[in-house]
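# Geometric and topological summary
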Amino acid sequence: MEVTLLGTGDTTGTPTPSCDCDTCERAIELGVERSRFSVHVHNERTGESLLVDASPDLRSQLLTHEVPLPDAVVITHIHFDHLDGLGNAYRLLEDVPVFAADETDPETGQSVAETIDEKYHYLDAITVEPRSPFEPFDACGFEVTLVPVEHPPLVCYGLAIEDPDTGAKLSLSGDSNYGIRDRSREVLAEPELLFADGIVPAKHARYHPRGGDHPDAEGTYRTFGTKHMTIEGARALADDLEADEYRLVHLSHYIPAEEAFEEDMAIDGERFRL
Ligand SMILES: [Zn+2]
Ligand SMILES: [Zn+2]
Ligand SMILES: [Zn+2]
C-alpha cells in the first residue's frame, strides 16, 4: 500500500489566498502547501488506486504529485472541501465507482451517497455505490470500512483501509470532533498509519463562539467548537487508537507559524509505504 497525502489543509488551505499571516508567509518561504483534503492510496499488488475524498484542488494535486488516476473513490461527507473536486472526473476518468455511506442524514434528509448522486447525476464517468457503515467492502483490492464520526450537524465517516494480503492498515478519522464513539474507534484502532483531523491548537477555543469540548484531565480541549479536533485532541486520538505512526491533517493557517510545521503536521505530497 502506497499512501500519498494530496491535500492536508482545511477549507481555505495554507497559504490562504491574499492572507499575509505569518503561517501563510512561512508556508510560501518553505515552498510547502496544505491544499484541500484528499488522500491517494495505491495498491501495489493490483495496480489500482483508491482516492479518499475529491478535493476541489484535485487537478493540480494529480499533476503535482504524479500519482496514477483513481480507479475508485470514497467520499467521507458532503462538505465542499471533500466533495466538489468530483467534477474533475469529466473526460478524465471512466467507469469509476464512488463509494459513500447509505444512512439518511437527518440534517439533509439524504444519505451521503444520495447527495452525490443528485449533485453529479450528469457525470457518466461515475457510479455511486452506497455502502453501510461497519460493513467492510472491497475497493481496489482493499477492504474498506466506513464508520460514523462526529461532525455536526452533518453525518461524516472515518474509514479503515486494509490490505487483506499484507495486513497493512491505514485509518482516517474523517472530519470529526474528539467524541468518536467506541464502536467506530474499534474499527479504526491499531493502524500502521493514522490521519487525524486537527484544525487548531486548543488555546484557540477562546476564539470559537462554542468554545471547546472534550477536555482532558488537565482541562485541555480536545475538540475545537463542535466539528473538529484540536491539535492536542488529534494527538490524543492517535494515542488512544495505538497508531504505529500518525500525521495531523486538515490543518488551518490559524496554527501559529512557530507551531505549524512541527514534525507530526502533514504537508501535501508526503508519501508512506505500508
Ligand atoms: Zn494565513
Ligand atoms: Zn467537513
Ligand atoms: Zn473538511
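Preceding this paragraph is the structure being described.
Presented here is an overview of the structure given in this document. (Residues numbered from 1 in each chain as written. Chains lettered and ligands numbered in written order. Predicted model: local features only at pLDDT ≥ 70, side-chain atom pairs only at ≥ 80, totals over all residues. Heavy atoms only, no water.)

### A short note on helix H2 (residues 58–65)
Defined as follows: Only protein chains enter the accessibility calculation, which uses a 1.4 Å probe; a residue is then buried when its area is under 20% of its type maximum, exposed when over 50%, and partly exposed in between. Helix and strand definitions here come from DSSP, where helices need a minimum of 4 consecutive H or I residues and strands a minimum of 2 consecutive E residues; each element is numbered from the N-terminal end. The directions considered for the arc run from the helix axis to the C-beta atoms.
Buried within H2 are the following residues: Leu58, Gln61, Leu62 and His65. Here the buried residues of H2 occupy an arc of 95° about the axis, which is enough to place them on one side. Residues of H2 that are exposed and point more than 90 degrees away from the buried face comprise Arg59, Leu63 and Thr64. Once H2 finishes, Glu66 follows within two positions and takes phi at roughly 45°, a positive value.

### Re the coordination of the zinc ion (ligand 2)
Rules: Donor selection uses N, O and S atoms within 2.8 Å of the metal (3.2 Å for Na, K and Ca). Since no water is included, sites may look incomplete. In this scheme the shape depends on donor count and angles: four donors with every angle between 85 and 135 degrees give tetrahedral, four or six donors with opposite pairs above 155 degrees and others between 65 and 115 give square planar or octahedral in turn, and any other case is irregular.
Coordination of the zinc ion (ligand 2) by the protein is provided by His77 (NE2), His79 (ND1), His151 (NE2) and Asp175 (OD), with metal-donor distances spanning 2.2 to 2.4 Å. In this structure, the zinc ion (ligand 2) is coordinated by four donor atoms arranged in irregular fashion, with angles at the metal of 90 to 169°. Each donor residue of the zinc ion (ligand 2) lies on one chain, and together they are spaced H-x1-H-x71-H-x23-D. The distance between the zinc ion (ligand 2) and the zinc ion (ligand 3) is 3.4 Å, with Asp175 acting as a donor to both metals. You can see His77 sitting in the loop between strand S4 (72–74) and helix H3 (80–83) and its partner Asp175 sitting in the loop between strand S10 (169–172) and helix H5 (182–188), a full 98 residues away along the chain. Each member of the pair, His77 as well as Asp175, carries the same accessibility label: buried.

### Overview of the coordination of the zinc ion (ligand 3)
Bound to the zinc ion (ligand 3) are the protein donor atoms Asp81 (OD), His82 (NE2), Asp175 (OD) and His250 (NE2), situated 2.1 to 2.3 Å from the metal. Considering all four donor atoms around the zinc ion (ligand 3), angles at the metal cover 89 to 171° and the coordination shape is irregular. Between consecutive donors of the zinc ion (ligand 3), the numbers of intervening residues give the motif D-H-x92-D-x74-H.

### Observations concerning the nonpolar core
This is how the line gets drawn: Side-chain atoms within 4.5 Å are what join buried Ala, Val, Leu, Ile, Met, Phe, Trp, Tyr and Cys residues into a set we call a nonpolar core. Residue contacts are defined here by distance: any two heavy atoms, one from each residue, within 4.5 Å place the two residues in contact.
By size, the foremost hydrophobic cluster in this structure holds 54 residues, and its most contacted members are Val41, Leu50, Ile116, Ile161, Leu170 and Phe195. Looking at which element gives the most residues to this core, the answer is strand S5 (residues 96–101), with five residues. If we skip the residues at most four places from it in the chain, Val41 touches Met1, Glu2, Val3, Glu48, Ser49, Leu50, Val52, Phe142, Ile161 and Leu170. Ala236, Leu237, Leu241 and Leu251 belong to the second-largest nonpolar core, a separate cluster that totals 21 residues.

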